[in-house]
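A structural walkthrough
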Amino acid sequence: WNAPRTIFFTLFAALMAFPSCTDPIADPVELDTPTRGKVKMYVDESVMPLTELLIDAFENTYQEAFLLQQYLPEPDVMKALLDDTTRLAIMTRTLNDEEKKFFESKKFGIEQTKIASDAVVLLVNRSNPDSVLTVEEVKQMLLGNDSTWTQINADSKLGAIHVVFDNSRSSSLRYLNDTLLGGKALGKNCYALSSSDSVIAYVNRTPGAVGIVGLNWLGDKYSEADMARRSQISMAMIGPERANAVHPTQSSLVTHAYPLDRKSTRLNSSHRT
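Predicted model, so just to flag it, every value in this text is computed and none were measured.

Overview of the layout of surface pockets
Space inside the largest pocket adds up to approximately 740 Å³. Taken together, 28 residues make up the lining of the largest pocket; nearest its centre are L215, N216, G219, D220 and D226. The set of elements that each furnish at least two residues to the lining of the largest pocket consists of α2 (48-61), α8 (224-230) and α9 (250-254). Sorting elements by how many residues they give to the lining of the largest pocket places α2 first, with five residues. Of the residues in the lining of the largest pocket, the class split is 13 nonpolar, seven polar and eight charged.

Observations regarding the environment of R262
Looking at where R262 falls in the secondary structure, it is placed in the loop between α9 and β14 (265-269). For the pair R262 and A119, spaced 143 residues apart in sequence, the C-alpha to C-alpha distance is 4.9 Å. Sequence-distant contacts of R262, defined by excluding residues within four places in its chain, comprise S46, V47, T92, D118, A119, V120, S171, S172, Y175 and G214. A distance of 3.5 Å separates the side chain of R262 from the side chain of S46, its partner in a polar contact.

As for the pairing of strand β4 (residues 88-91)
Taking every second residue as pointing to the same face, both faces of β4 are buried, with L88 and I90 on one and A89 and M91 on the other. Pairing of strand β2 (residues 37-44) with β4, which is carried by two bridges, proceeds in the parallel orientation. For Y42, the partnering residue across the bridge sits in β4 and is A89.

Some details on the pattern of salt bridges
Applying the stated criterion across every chain, the model contains eleven salt bridges. Of the charged contacts, one joins D226 and R229 as a salt bridge, the two residues approaching to 2.9 Å between their closest N and O atoms. With a gap of three residues between them, D226 and R229 both fall in helix α8, about one helical turn apart. Salt bridges linked by common partners bring E74, R93, E99, R174 and D178 together as one network.

Topic: the sheet that holds strand β7 (residues 120-124)
Reading across from one edge, β10-β9-β11-β7-β12 is the order of the five strands in this open sheet, with mixed pairing throughout. Since the sheet does not close on itself, it has two edges, and those belong to β10 (190-192) and β12 (234-235), each with one partner. Of the strand pairs in this sheet, β7 and strand β11 (residues 209-214) are connected by five bridges, and their pairing is antiparallel. For V121, the partnering residue across the bridge sits in β11 and is V213. Its contacts with the sheet put helix α6 (residues 171-181) on β7, β9 (162-165) and β11, and the angle it makes with β11 is roughly 100 degrees.

Each value, and the rule that gives it
- Residues numbered from 1 in each chain as written.
- Predicted model: local features only at pLDDT ≥ 70, side-chain atom pairs only at ≥ 80, totals over all residues.
- Heavy atoms only, no water.
- 1 Å grid on protein atoms, 1.4 Å probe; cavity = no way out; pocket = protein on both sides within 12 Å on 5 of 7 lines; lining within 4 Å.
- Points joined across faces, edges and corners; volume = space filled by probe spheres on them.
- Helix = DSSP H or I, 4+ residues; strand = E, 2+ residues; numbered from the N terminus.
- Nonpolar A, V, L, I, M, F, W, Y, C, P; charged D, E, K, R; others polar.
- Contact = heavy atoms within 4.5 Å.
- Polar contact = N/O pair within 3.5 Å; in protein donor to acceptor, adjacent residues only side chain to side chain.
- Buried < 20%, exposed > 50% of the residue type's maximum accessible area, 1.4 Å probe, protein only.
- Pairing = 2+ DSSP bridges.
- Salt bridge = Lys/Arg side-chain N within 4 Å of Asp/Glu carboxyl O.
- Axes fitted to C-alpha atoms, helices over the stretch in contact; angles between N-to-C directions.

Pasting the structure below:
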């Protein structure tokens, strides 16, 4: 079948009816609709808590609709879209020009819809008094140029700065590389762990550590899991200067006062036409 295909980056479009080759009279088939049926989607694991909330809300509203989600690092989610393994994905960035050209060459149409805002946050141990940082200090930590806390605060007794993030293919790390590092290599003081929860646990038990996760792992004050995570760490205030540093909050994301606002958490999906 050589009909053209269209990619839609919105949840409801992904659940639209697919054509069927079955004779509707001899063997009637009930097609998927925007509020009924199943769809497989791949999700950047850095926004798993946010996605779980969205899925719960959707499935509670439309009880005959089922979203089958799989959480992976961002590059694997993008690969699944390129390979046509899935036609629905949640990511933290838009498609780049090369990816758009690929889909266009395959006669895919593309639509991308923003569904939420997220931010990259830096976590410090609750005993660490140095929880206010400038963007430049964050950059120098990541490059390994500031590798001890005395370079941040001459009176610090914490020793080495160990920066940890959720995995080596993390979208949070990709965002920081794009916005702060300009493609430069991370310093030798930076380490990949296995998940956002492992980052939080490491910072909780390591006084000199700095952790990097997505705000959606910590930002829901009505979530017992989020509040349990927040009780283990402190979120750093960040700004161009220390005097105007702010915490990552809903208001500081809306006004873009928080400098590590990702600005582009996206819901990506597709269907045949």
